[in-house]
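Chain residues, written in single-letter form:
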Amino acid sequence: MKDKQTILYDYIFLGAGCAGLSLLMRLMDDPGFPAKKVLLVDSDPKNLNDRTWCFWEKEDGYFEDIVYQSWKNLFFKDKKQNLRLNIKDYRYKMIRGIDFYSYCLNRIKKHPNIEWLQQKAEKTDYVKNMLTIHFHDHSLTVQASCVFSSIPHTGQKTKKDYSLIQHFKGWIIETEDPSFHPEDAVLMDFSVDQHEAPAAFIYQLPLSSTKALIEYTVFSEKVFEQEVYDLELKKYFSATLPTRNYYIEHVEYGTIPMTNQKYHHYRDGIYYLGTAGGQTKPSTGYTFQFIQKQSAAIANALQIGNMHPAILKKSARFGYYDSILLGVLSKKEMQGAEIFKRLFTKVPAWLIFRFLDNETRLSEEITILNSMPPAVFMPAALRELVGKLFFR
Ligand SMILES: Cc1cc2nc3c(=O)[nH]c(=O)nc-3n(C[C@H](O)[C@H](O)[C@H](O)COP(=O)(O)OP(=O)(O)OC[C@H]3O[C@@H](n4cnc5c(N)ncnc54)[C@H](O)[C@@H]3O)c2cc1C
């Protein structure tokens, strides 16, 4: 069946996950929004707690009302040390996927100018300002002032690009007896089996004295069999929990691309958002806050009538640093455990956070780079510079 009708929209969102909904919420804040015609296309009803987003932040954020938990004490651990990180006035925060989706969907329901199409988009064509979205059994031709897509795609990988996967499995467990300090979260605990991966660590976020989300996280080229994560989690629990009696309340499994490959931020009439638009930090996998910054910038540009593709461009300087770290990890020139130990013991965590947010000055970046061994990082920096200048 072919739908020949052409419908006019102001905004079309292909994908209504973190990036699509974060931008839409900000557009809805504009008093002129009710006059706009909006189409949202997503294959999923967004009614499951399919992920938790964690991030650091100093002030209240746009989604502060739905922050589920936050911590002011953060720790870095390995077999030899338990280091309390100096995060100054940063807080480490958690937003549950289900709370985010419910909050956004409730706001969307109040706007009859938003149309929600729950369908899987299989392909899009953009010809002469007309976008055709192909679904399984029909297609829709539409015209819009702005089309945004956050539907995942593989990007443009070349042989020179690094491509690791951050893969993790976590359990929310409830213990019979108090087992956690609710104020103390562990950002990285490298005391676990590395499985010959560039990095593997435990991430522990207590939700109460008897409940915590604990994830076994790995950076490597391939994901593991499910049993490996389960085994590592069980080993960690028996080594660290004061009790053997726990109940698994929720399981979270996920993968995040860690790559320096190029992602289009604009192509063929479509602006690319979120992970699909390269907003995932290649060296860490953190994405949530980059999506928030990008959404605020786009909403502001649209409000003042100055939307253009350059708004979505990423910083080349920080992309260079990401490539250096990703190169060292991918080529196993230094273990992640050793890199992060040096970083967190030599540089205050609040500065590392600013660096990972792409917000530091060059002089601060030199301090951070100096915390790494020159024998490993100088050749890696040179390699990436040559790669960037001549091959990418
Ligand atoms: C389990 C998990 C935990 C994470 N935790 C963190 C974290 O703690 N901190 C952090 O900063 N980042 C985290 N990330 C990384 C990143 O923040 C998330 O992946 C985030 O959801 C990315 O937002 P997005 O909008 O780009 O993609 P998504 O949120 O995945 O949105 C894409 C949307 O497109 C829809 N879609 C896909 N294919 C189609 C199709 N063919 N047709 C129509 N719709 C389609 C999907 O249903 C989805 O709603 C996590 C990722 C995962 C997977």
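Just so we're clear, the structure is a prediction, and the values are computed from it rather than from any experiment.

K.L.:
Looking at this structure, I do not really get the site of the ligand. What am I missing?
P.N.:
In the region of the ligand, 30 residues are neighbours, and Gly15, Gly17, Ala19, Gly254 and Gly274 sit closest. Elements represented by at least two residues in the shell around the ligand include exactly α1 (18-28), β3 (52-57), β16 (246-259) and α4 (288-303). With four residues, β3 is the largest single contributor of residues to the shell around the ligand. Of the residues in the shell around the ligand, the class split is 15 nonpolar, ten polar and five charged. Each of domain 1 (6-45 + 98-155 + 264-312) and domain 2 (163-259) contributes no fewer than three residues to the shell around the ligand.

K.L.:
Would you mind going over the sheet that holds strand β6 (residues 82-84) with me for this structure?
P.N.:
Each strand in a sheet pairs with another by means of backbone hydrogen bonds, the pair being arranged parallel or else antiparallel. Pairing is mixed in the open sheet, where seven strands are placed in the order β6-β5-β13-β14-β15-β12-β16. Among the strands making up the open sheet, the edge pair consists of β6 and β16. Across this sheet, the average inter-strand angle for adjacent strands is 20 degrees, counted without regard to direction. Bridge count for strand β5 (residues 73-77) against strand β13 (residues 184-189) is five bridges, and the pairing is parallel. Considered in β13, the bridge of Phe75 is made with Val186. On the sheet, helix α3 (residues 226-240) packs against β12 (163-175), β14 (199-206), β15 (211-220) and β16 and is oriented at approximately 130 degrees with respect to β15.

K.L.:
Before we go on, may I ask you to explain the environment of Ile87 in this structure?
P.N.:
With respect to the helices, strands and loops of the structure, Ile87 is situated in the loop between β6 and β7 (91-96). Sequence separation between Ile87 and Met28 is 59 residues; the distance between their C-alpha atoms is 33 Å.

K.L.:
What exactly am I supposed to notice about unusual backbone geometry here?
P.N.:
Across residues other than glycine, the phi torsion is negative in most instances, and most of the peptide bonds are trans. Although it is not a glycine, Lys88 adopts a positive phi angle of roughly 50 degrees. Along the polypeptide, Lys88 turns up in the loop between β6 and β7. A positive phi angle, close to 65 degrees, is found at Asn129, a residue other than glycine. Looking at the secondary structure, you find Asn129 in the loop between β9 (123-127) and β10 (130-134).

K.L.:
When you look at α3 in this model, what are you seeing that I'm missing?
P.N.:
For an α-helix the count is 3.6 residues per turn, leaving residues at separations of three or four pointing the same way. With 15 residues, α3 should reach 21 Å at 1.5 Å per residue; the first-to-last C-alpha distance of 22 Å fits that figure. Those residues of α3 that fall on the buried side of the exposure criterion are Tyr229, Glu232 and Leu233. The buried residues of α3 occupy an angular sector of 100 degrees when projected down its axis, which confines them to one face. Pointing more than 90 degrees away from the buried face of α3 are the exposed residues Glu227, Lys234 and Ser238. Contacts made by the buried residues of α3 are with β12 and β15.

K.L.:
Looking at this model, I keep getting lost on the environment of Glu365. Mind explaining?
P.N.:
Tracing the sequence through the fold places Glu365 in helix α8 (residues 362-370). Here the alpha-carbon distance between Glu365 and Arg84, two residues 281 residues apart in the chain, equals 22 Å. Those residues within four positions of Glu365 in sequence are excluded, and the remaining contacts are Phe355 and Thr360.

K.L.:
Even after reading the chapter, I still don't get the domain arrangement of the protein chain, so can you show me in this structure?
P.N.:
Size of an interface: often given as the accessible area lost when the parts come together. The domain boundaries assigned to the protein chain delineate domain 1 (6-45 + 98-155 + 264-312), domain 2 (163-259) and domain 3 (316-391). Relative to domain 3, the C-alpha centre of domain 1 lies at a distance of 33 Å. Its residues assigned to classes, the side of domain 1 that touches domain 3 comprises two nonpolar, three polar and one charged.

K.L.:
I keep staring at the sheet that holds β3 and nothing clicks. Help me out?
P.N.:
Here three strands make up an open sheet; going across it, the order is β3-β7-β4 and the pairing antiparallel. On the outer flanks of this sheet lie β3 and β4 (67-71), each paired with one strand and no other. Taking the axes of each pair of neighbouring strands and ignoring which way they run, one obtains an average angle of 25 degrees across the sheet. Across six bridges, β3 lies against β7 in antiparallel orientation. By the bridge assignment for β7, Phe55 is matched with Lys93. The strands that helix α2 (residues 97-109) touches are β3, β4 and β7; relative to β7, the one it contacts most, it runs at about 65 degrees.

K.L.:
Please clarify how the pairing of β13 should be interpreted in this entry.
P.N.:
Look at any regular strand and the pattern is simple: side chains alternate between the two faces of the sheet. With five of six residues buried, β13 lies mostly within the body of the structure. Pairing of β13 with β14 involves two bridges; the strand directions are antiparallel. Within β14, the residue paired with Asp189 across the bridge is Ile202.

K.L.:
How do you make sense of the nonpolar core when you look at a structure like this?
P.N.:
In summary, soluble globular proteins display a tendency toward joint burial of nonpolar side chains. Ranked by size, the top nonpolar core spans 91 residues in total, and within it Ile12, Phe13 and Leu74 carry the most contacts. Phe13 has contacts with Gly20, Leu24, Leu40, Val41 and Phe148, leaving out every residue within four places of it along the chain.

K.L.:
Looking at this structure, how should I read the environment of Leu273?
P.N.:
Mapped onto the fold, Leu273 is located in the loop between β18 (270-272) and α4. Taking the number of C-beta atoms within 10 Å as the measure of exposure, Leu273 has 28 and is therefore buried. The spatial distance from the C-alpha of Leu273 to the C-alpha of Gln294 is 8.1 Å, given a sequence separation of 21 residues.

K.L.:
In this structure, what is going on with helix α6 (residues 336-346)? I would like to understand it.
P.N.:
Three or more residues of α6 are buried, namely Gly336, Ile339 and Phe344. Looking down the long axis of α6, one finds its buried residues gathered within 115 degrees of arc, a one-sided arrangement. In the core, the buried residues of α6 are packed alongside β5, β6, β14, β15, α5 (316-330) and α7 (349-356).

K.L.:
Teacher, can you tell me more about the packing of α1 against α4 here?
P.N.:
For any two helices packed against each other, one specifies the crossing angle of their axes together with the interaxial distance. Direction vectors running N to C along α1 and α4 enclose 40 degrees, while the axes themselves pass 9 Å from each other. Judged by the angle between their axes, α1 and α4 are oblique. Crossing hand, α1 versus α4: right-handed. Residues Cys18, Ala19, Ser22, Leu23, Arg26 and Leu27 of α1 form the contact with α4, whose participating residues are Phe288, Ile291, Gln292, Ser295, Ala296, Ile298, Ala299 and Leu302.

The rules behind each value
Residues numbered from 1 in each chain as written. Predicted model: local features only at pLDDT ≥ 70, side-chain atom pairs only at ≥ 80, totals over all residues. Near = placed C-beta within 6 Å. Helix = DSSP H or I, 4+ residues; strand = E, 2+ residues; numbered from the N terminus. Nonpolar A, V, L, I, M, F, W, Y, C, P; charged D, E, K, R; others polar. Domains from an automatic or database assignment. Pairing = 2+ DSSP bridges. Axes fitted to C-alpha atoms, helices over the stretch in contact; angles between N-to-C directions. Contact = placed C-beta atoms within 7 Å. Expected span 1.5 Å × (residues − 1). Buried ≥ 20, exposed ≤ 12 C-beta atoms within 10 Å, placed from the backbone. Arc of directions from axis to C-beta. Core = buried A, V, L, I, M, F, W, Y, C linked by C-beta atoms within 7 Å. Parallel < 35°, antiparallel > 145°, perpendicular 65-115°, else oblique. Left-handed = near helix turned anticlockwise from the far one by under 90°.

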